[in-house]
Amino acid sequence: MQNNSWQGRPRAVQAAQQRRPAPHFNSDVQTRFYEVLGVSREADAEEIRKSYRKLAVKFHPDKNPGDKAAEEKFKELGEAYEC
């Protein structure tokens, strides 16, 4: 049985994607993500989501046109939330 997610991809790409290690972040980086989102390390998923959404609206580039600092903060929030 063939895995449909690999259909049409070159074998080299398939092999590279299967070998790719999962991202690993040390505790200092993880702590930084919590700080960026403004939550404690004990925060549950709902609290993290609420904080992310509130800050994302505040720093969204459409709400702050031309503000490079807000744009960078928005990108940083996205990275922190994904991890």
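Before any of the text, the structure's been laid out above.
What counts and how
- Residues numbered from 1 in each chain as written.
- Predicted model: local features only at pLDDT ≥ 70, side-chain atom pairs only at ≥ 80, totals over all residues.
- Heavy atoms only, no water.
- Phe/Tyr/Trp six-rings, centres within 6.5 Å; stacked < 30°, edge-to-face > 60°.
- Helix = DSSP H or I, 4+ residues; strand = E, 2+ residues; numbered from the N terminus.
- Lys NZ or Arg CZ within 6 Å of the ring centre and 35° of its normal.
- Salt bridge = Lys/Arg side-chain N within 4 Å of Asp/Glu carboxyl O.
- Buried < 20%, exposed > 50% of the residue type's maximum accessible area, 1.4 Å probe, protein only.
- Core = buried A, V, L, I, M, F, W, Y, C linked by side-chain atoms within 4.5 Å.
- Contact = heavy atoms within 4.5 Å.

## A few points about the packing of aromatic side chains
Applying the stated criterion across every chain, the model contains one aromatic pair. The interplanar angle of 10° and the centroid separation of 4.2 Å between the aromatic rings of Tyr52 and Tyr81 together place this pair among those described as stacked. One end of the pair, Tyr52, is in helix 3 (residues 45-59); the other, Tyr81, is in helix 4 (residues 68-82), and 29 residues separate them in sequence. Stacked on the ring of Phe59, the Lys or Arg Lys73 has its end atom at 5.9 Å from the ring centre.

## What about the pattern of salt bridges?
Where charged atoms of side chains with opposite charge meet at close range, the side chains can pair. Enumeration over the complete set of coordinates arrives at five salt bridges. Here Glu46 makes a salt bridge to Arg49, at a shortest N to O gap of 2.9 Å. Remark: Arg49 and Glu46 occur in helix 3; sequence separation between them is three residues, near one turn of the helix. What makes Arg49 partly exposed here is its relative accessible area of 31%. Residue Lys75 is joined to Glu71 by a salt bridge in which the shortest nitrogen-to-oxygen separation is 3.6 Å.

## Concerning the nonpolar core
Counting residues in each nonpolar core, the largest one holds 13 residues, and the members touching the most others are Leu37, Val39, Ile48, Tyr52, Phe59, Leu77 and Ala80. Counting residues per element, the ones that place at least two in this core are helix 2 (27-37), helix 3 and helix 4. For Leu37, the contacting residues outside a window of four places in its chain are Ile48, Ser51, Tyr52, Leu55, Leu77, Ala80 and Tyr81.

## A short note on the environment of Phe33
Summarising the element assignment, Phe33 is placed in helix 2. Separated by 47 residues in sequence, Phe33 and Ala80 have C-alpha atoms that sit 4.7 Å apart.

## Quick notes on the environment of Arg53
Within the secondary structure layout, Arg53 lies in helix 3. Spatially, the C-alpha atoms of Arg53 and Gly78 are 9.8 Å apart, while their sequence positions differ by 25 residues.

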